[in-house]
Amino acid sequence: MEGEVLDRGIARRAARIYLPLATAAALLFLIAASLGGEYPAVARIGGAVWVGTLSLIVSMPVVTARVKARARRRE
Amino acid sequence: MNASRLTDSTISLPVQGMTCASCVSHVEGALSELPGVSQVVVNLATGKATIERDSSRVTIEDMRQAVADVGYSVPTAEITLDVRGMTCASCVAHVEGALTDLEGVTAAVVNLGLGTARVTYVPGPVAVSQMKRAVREAGYEALERSQGLDALDRERQAREEEIRRQGRNLVIAGAVGLLVMIGTFYDMLGPLRSWIPEWLSYKWVIGLLTTPIVLGPGRQFFANSWRGLRHGVTDMNLLYATGIGAAYGIAVINTLFPQAGFGGEGATFFESAALLTAFIVLGRWLEALTRGRTSEAIRKLMKLQPKLARVLRGTAEEEIPADEVQVGDLLLLRPGESVAVDGLVEEGYSAVDESMLTGESLPVEKKAGDPVIGGTLNKTGAFKFRATRVGKETALAQIIKLVEDAQASKAPIQKLADWVAGHFILGVHILAVVVFVFWFFFGYRLYFDPASSFILSPYRLGEIGVFGFSLLLSVTVLVISCPCAVGLATPSAMMAGTGKAAEYGVLFKAAQAIENTSKLQTLIFDKTGTLTRGEPSVTDVLMAGAGEAEPGGLTAQDILRLAASAEKNSEHPLGEAIVRGARERGVEVSDPVRFESIPGHGVEAALQGHAVLLGNRRLMGQRAVDIGGLVEQAERLEGEGKTVMFLAVDGRPAGLIAVADTLKEHSREAIQQLHRLGLEVAMITGDNARTAQAIARQVGIDRVLAEVLPQDKAEEIKKLQALGKRVAMVGDGVNDAPALAQSDVGMAIGSGTDVAKETGDVILIKDDLRDVVVALEAAKATMRKVKQNLFWAFFYNILGIPIGAGLLYPVLRLVVSPELAGAMMAVSSVSVTLNTLLLRRFRPSLRSGRQTQAEAQGPEQPRWVTEPAAGG
């Protein structure tokens, strides 16, 4: 039970880091696509979603592992 | 937890859910972080984690939790025992307590009314026989309620279930994927179109066919990826899920909303999602097949263990489970039955086939006093034997453990491959982002050509937009980069190799031993007992001062008598040979008053009022005994390959005794073959240089290290290693332990079946020098297979990544479709699987049955001569 509580806490703390990171990457792409050329809206938004998804996939495990390690050290 | 276990111990835990090399890295990482764990090796092919730990600091439950934390599981098994003798609730508590005290037992529920105990446990750390013993020690009796499944059957069942599951997925994905492909390429089928309904080519029909493929056989990738991400781990499932999900998602959007701007109806790519799924599932099925096949060696060995044994209790025969036989029990064996445990024949006579364990092709005759090995097959007669080793102590159990440990271990080359694969996944996703961004902002504008097409397909990219094109390349990079076969490349070859070698009686203790053996440059053989039979016999007895008055009136008989009496308490083979020789000639051997062995020199004794010295030149020199008159004869005898020992009585030379040991059969043949393999062969011995050189000439050895004291053998090996050579030592696993341990590869020859006590990285069960060649050839064949597998595993990635990222597009206007990328990954799994299976054809060069010329000539025989030595 205690383990489950710890896991949920770690998941929440990690999400508070990697979600904004992935969102920032998506937004950065969207801004670059909007400023950089005549891309249709679908391409800009689709691209932002894809970049955001890949950034989420990259950041989620890295951040979760670090948060978990820090939590274990505190224990 | 059993508080008395306060020392390091090694346990093996099964781990479920691992599919690739990165899974291995995550599990190893999770277990290594636990306090008290000193080493972890996870083997994907066996599905096991071998952990060295301090059991007072980390429990099995801790390890199970650590594995679960990263998204995998340690499976448990259940067994029901019949427990007799319980009468009340406290009995229940005693039995439950006895069972749960065993490490590895997670739960025990005892039912007093039914007289049963249902035990949940982790297979591996605890065995059913331990549970029964624990109940017995608590004062009750326990029997297995149902035969159920033992660990081997459970493991096989799990593997077969995995093969069946992936097989079902493959059939669905393959069959429906074929329809999708036919529908997609409908326009290009020419006259065949008359056989195919046109509606199969409609996009929404293709979409409907693709959906069950992605949500059915493809679901495993999404489920495994999500589980991994939630626990902060990434594996190859993520690459597949991202690729399949993106292709399918865009295809659905383009079908339902063709005007949305993702490329329209011409860019649906349903076939990409469908075929990608089919090819990846094909790879998974092949991997499951490979994992199932390569543990065949262990399975074959385990099947040798009979389940029942016939024990004699008084005059009555009783059939009991083999694991309940105790040391000291008298067992009866009939023709055609397997020996249940190790023992000594007490009565009867038969021939026993031991080939399944030792590789010895001819049945071995057994009579009273001879040992028998559990798992071997009785051929013709019947006999009674007394059990000497049971359970984990039997030769069969030791060999199985050795092979299992070797298969669970990791070679350095595999550690590198796993590390690369483990860190690859994130790198691939970053690369996919880079590829997408490049083609989106730059590449499409500079290079895109609507007439361009996929490689090996006339399917044009048509009106695909910037987003669709960039996404296509990004997805292709994800799939094509996946080194899915890397996880199995090395362990599958290692398992096949160790299993094959075990069939010939060659046991590698660890995967590293195989890798080291394949790189050897120099082999050093111990002389006595390794190159020679180790049963020397007296060939010459010479008296000092021929034709003159002999010191003390000594005759040849006197010399032999004095020498034998001095050596009576010696355990040295030369001493034993002299005693044997004296007894054979009817010479009386008496006990010395005083005896002292001087290692590397000889012995000193006091008997019948005389001080007797027997030994080599070094001993005589140290005690200032002038042996000048015997030197010429000694050198002549040493030139014939004999070992000469000088006898001095009361400080004066009395004579000498020559002893010769015969070379083992096949020794010349083995050395010749080792030379053909490009190895330098040396011999190390405490014998004098002349004798050693004579032996070396007979077998064709290049280099002789003679007059080496036992304690200096390891130093000699160190000197060779300092020259940059990779050195193996072949010798007795017990007596040559320091030298074996110092060498890069220690080979213990002639261990018999008590393999556990042998020092050394390689155990050669038979006393046959050809097995040294077998070990080398098996190691080289295995490492060749490993390197080939790694090549096939990485080749397609290295070739495919630049192409998949669009590097050739500006020049050739060709891109790799996601399904072609998936096909290449499946081909890499096929390549690794088929290549590993080829190792089954391995046959050692010296085991073909052909007799070589050297073998036909046979070893030289010594001659018996008694004559006085010239001089005095």
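The shown structure was predicted, so the numbers you read here are calculated from the model rather than taken from an experiment.

Thresholds, definitions, all that
Residues numbered from 1 in each chain as written. Chains lettered and ligands numbered in written order. Predicted model: local features only at pLDDT ≥ 70, side-chain atom pairs only at ≥ 80, totals over all residues. Heavy atoms only, no water. Helix = DSSP H or I, 4+ residues; strand = E, 2+ residues; numbered from the N terminus. Buried < 20%, exposed > 50% of the residue type's maximum accessible area, 1.4 Å probe, protein only. Contact = heavy atoms within 4.5 Å. Areas by Shrake-Rupley, 256 points an atom, 1.4 Å probe, with all protein chains shown as cover. Pairing = 2+ DSSP bridges. Salt bridge = Lys/Arg side-chain N within 4 Å of Asp/Glu carboxyl O. Right-handed = clockwise from strand over helix to strand, strands pointing away. Axes fitted to C-alpha atoms, helices over the stretch in contact; angles between N-to-C directions. Parallel < 35°, antiparallel > 145°, perpendicular 65-115°, else oblique. Left-handed = near helix turned anticlockwise from the far one by under 90°. Nonpolar A, V, L, I, M, F, W, Y, C, P; charged D, E, K, R; others polar. Buried area = accessible area lost by both parts, 1.4 Å probe. Polar contact = N/O pair within 3.5 Å; in protein donor to acceptor, adjacent residues only side chain to side chain. pLDDT = per-residue confidence, 0-100. Patch = residues over 30% accessible without salt bridge, like charges linked within 9 Å, V, L, I, M, F, W, Y side chains within 5 Å. Lys, Arg positive; Asp, Glu negative; His and termini not counted. Charge placed at Lys NZ, Arg CZ, Asp CG, Glu CD. Expected span 1.5 Å × (residues − 1). Phe/Tyr/Trp six-rings, centres within 6.5 Å; stacked < 30°, edge-to-face > 60°. Lys NZ or Arg CZ within 6 Å of the ring centre and 35° of its normal.

1. Topic: the overall build of chain A
Scanning chain A from N- to C-terminus turns up two helices and zero strands. Burial status across chain A gives 39% buried among its 75 residues. For chain A, the share of sequence-separated contacts (at least 6 apart) that also reach a separation of at least 24 residues comes to 69%. Split by element, the accessible area of chain A, about 4500 Å² in all, is 64% carbon and sulfur.

2. Comments concerning the overall build of chain B
Helix and strand counts for chain B come out as 29 helices and 32 strands. Across the 872 residues that make up chain B, the buried fraction comes to 56%. Partitioning the contacts of chain B with sequence separation of at least 6, the portion at a separation of at least 24 is 70%. Per element, the accessible surface of chain B, about 35700 Å² overall, is 55% carbon and sulfur.

3. Observations regarding the sheet that holds strand β9 (residues 316-321) of chain B
Residue and element names in this part refer to chain B. Pairing is antiparallel in the open sheet, where six strands are placed in the order β9-β8-β10-β16-β11-β14. Two strands in the sheet have a free side with no partner beyond their single neighbour: β9 and β14 (371-372). Relative to strand β10 (residues 330-333), strand β8 (residues 308-313) is paired through two bridges, and the arrangement is antiparallel. Within β10, the residue paired with Val311 across the bridge is Leu331.

4. With respect to the pattern of salt bridges
All names here are of chain B. Going through the model one piece at a time under the given rule, you end up with 42 salt bridges over all chains. With a shortest N-O distance of 3.3 Å, Arg64 and Glu61 are connected by a salt bridge. Here the residue Arg64 and the residue Glu61 both occupy positions in helix α2 (residues 60-69), the gap between them amounting to three residues, near one helical turn. Judged by its relative accessible area of 43%, Glu61 falls in the partly exposed class. Among the salt bridges present, the one from Arg690 reaches Glu638, with a minimum N-O distance of 2.9 Å. On the criterion of sequence distance, the pair formed by Arg690 in helix α23 (residues 689-699) and Glu638 in helix α21 (residues 628-639) is long-range, its members being 52 residues apart. Judged by relative accessible area, which is 35%, Arg690 ranks as partly exposed.

5. Comments concerning unusual backbone geometry
Residue and element names in this part refer to chain B. Although it is not a glycine, Gln608 sits at a positive phi angle of roughly 50 degrees. Within the element layout of this structure, Gln608 appears in the loop between β22 (602-607) and β23 (610-615). A positive phi angle, close to 55 degrees, is found at Ala624, a residue other than glycine. The exposed category is assigned to Ala624, whose relative accessible area is 66%.

6. Some thoughts on the side chain of Ser667 of chain B
Looking at the element boundaries, Ser667 of chain B is found in helix α22 (residues 667-676). Setting aside chain neighbours within four positions, we find Ser667 of chain B in contact with Leu531, Val699 and Leu769 of chain B.

7. Some words on the pairing of strand β26 (residues 680-684) of chain B
Residue and element names in this part refer to chain B. For β26, a buried count of five out of five residues is recorded, marking the element as mostly surrounded by other parts of the structure. Side chains Glu680, Ala682 and Ile684 of β26 all project onto a buried face; the interleaved residues Val681 and Met683 project onto the opposite face, where all are buried too. In this structure, strand β19 (residues 522-526) lies alongside β26, joined through five bridges in parallel fashion. If you follow Phe525 over to β26, its bridge partner there is Met683. Examined bridge by bridge, β26 and strand β27 (residues 703-705) share three bridges and lie parallel to one another. When the sheet's bridge partners are listed, Ala682 is paired in β27 with Arg703. Of the crossover connections in this fold, the one passing from β26 over α23 to the parallel β27 is right-handed.

8. Overview of the sheet that holds strand β7 (residues 141-144) of chain B
All names here are of chain B. The four strands lie next to each other as β5-β6-β4-β7, forming an open sheet whose pairing is antiparallel. The sheet is open, and its two edges are formed by β5 (105-111) and β7, each paired on a single side. This sheet shows a mean twist of 30 degrees between the axes of neighbouring strands, independent of strand direction.

9. A word on the packing of helix α6 (residues 203-215) of chain B against helix α8 (residues 236-256) of chain B
Residue and element names in this part refer to chain B. Two elements in contact, α6 and α8, have axes separated by 11 Å at closest approach and are oriented at 155 degrees. Classed by the angle they form, the pair α6 and α8 counts as roughly antiparallel. The interaxial crossing formed by α6 with α8 has left-handed handedness. Here Lys203, Trp204, Thr210, Thr211 and Val214 of α6 come into contact with α8, specifically with Ile244, Tyr248 and Thr255. Partitioned by chemical class, the residues of the contact of α6 with α8 number four nonpolar, three polar and one charged.

10. Overview of the interface of chain A and chain B
Residue-level contacts link 22 residues of chain A with 29 residues of chain B. Between chain A and chain B, the buried area comes to about 2100 Å², and carbon and sulfur atoms account for 78% of it. Where chain A packs against chain B, one counts zero salt bridges. Linking chain A with chain B are two residue pairs in polar contact (both at pLDDT 80 or more). Residue assignment for the side of chain A that touches chain B shows that the elements contributing at least two residues are α1 (2-36) and α2 (41-74) of chain A. Residues belonging to the side of chain A that touches chain B are distributed by class as follows: 15 nonpolar, three polar and four charged.

11. A look at the confidence of the model for chain B
Residues and elements named next belong to chain B. Averaged over every residue, the pLDDT of chain B is 82; residues scoring 70 or more account for 86%. Note on residues 547-551: pLDDT under 50 across the span, and seven contacts to partners over four residues away in sequence or across chains. Contacts for the low-pLDDT stretch residues 848-872, under 50 throughout, to residues beyond four places or in other chains number 57 contacts.

12. A short note on a positive patch on the surface
Together, Arg8, Arg12, Arg13 and Arg16 of chain A line one region of the surface with positive charge. If you trace the backbone, Arg12 of chain A turns up in helix α1.

13. Comments concerning α6 of chain B
With 13 residues, α6 of chain B extends 18 Å from end C-alpha to end C-alpha; this agrees with the ideal 18 Å at 1.5 Å per step. Where α6 of chain B is concerned, the buried positions are Val205, Ile206, Gly207, Leu209, Thr210, Ile213 and Val214 of chain B.

14. Focus on helix α15 (residues 486-503) of chain B
An α-helix turns once per 3.6 residues; consequently, residues spaced three or four apart project the same way. Taking 1.5 Å of rise per residue, the 18 residues of α15 of chain B would be expected to cover 26 Å, and the 27 Å separating its terminal C-alpha atoms lies within 8% of that figure. Within α15 of chain B, 17 of the 18 residues are buried, which leaves the element mostly enclosed by the surrounding structure.

15. A look at the packing of aromatic side chains
Residue and element names in this part refer to chain B. In total, this model carries 23 aromatic pairs over all chains according to the counting rule given. Seen from their ring centres, Phe436 and Phe467 are 6.0 Å apart, and the 80 degrees between their planes marks the pair as edge-to-face. On the criterion of sequence distance, the pair formed by Phe436 in helix α13 (residues 412-447) and Phe467 in helix α14 (residues 466-480) is long-range, its members being 31 residues apart. Assigned by exposure class, Phe436 and Phe467 land together as buried. Each ring, one from Tyr444 and one from Phe469, has its centre 5.9 Å from the other, and the planes form 55 degrees; the classification is tilted. A residue pair is termed long-range when its members are at least 10 positions apart, and Tyr444 in helix α13 and Phe469 in helix α14 qualify at 25 residues. Cluster of aromatic residues (ring-pair linked, three or more members): Phe438, Trp439, Phe442, Tyr444, Tyr447, Phe448, Phe469 and Tyr809. Just above the ring of Tyr186 sits the side chain of Arg193; from NZ or CZ to the centre is 5.8 Å. Across the ring face of Tyr809, the terminal group of Arg813 is positioned such that the distance to the ring centre comes to 5.6 Å.

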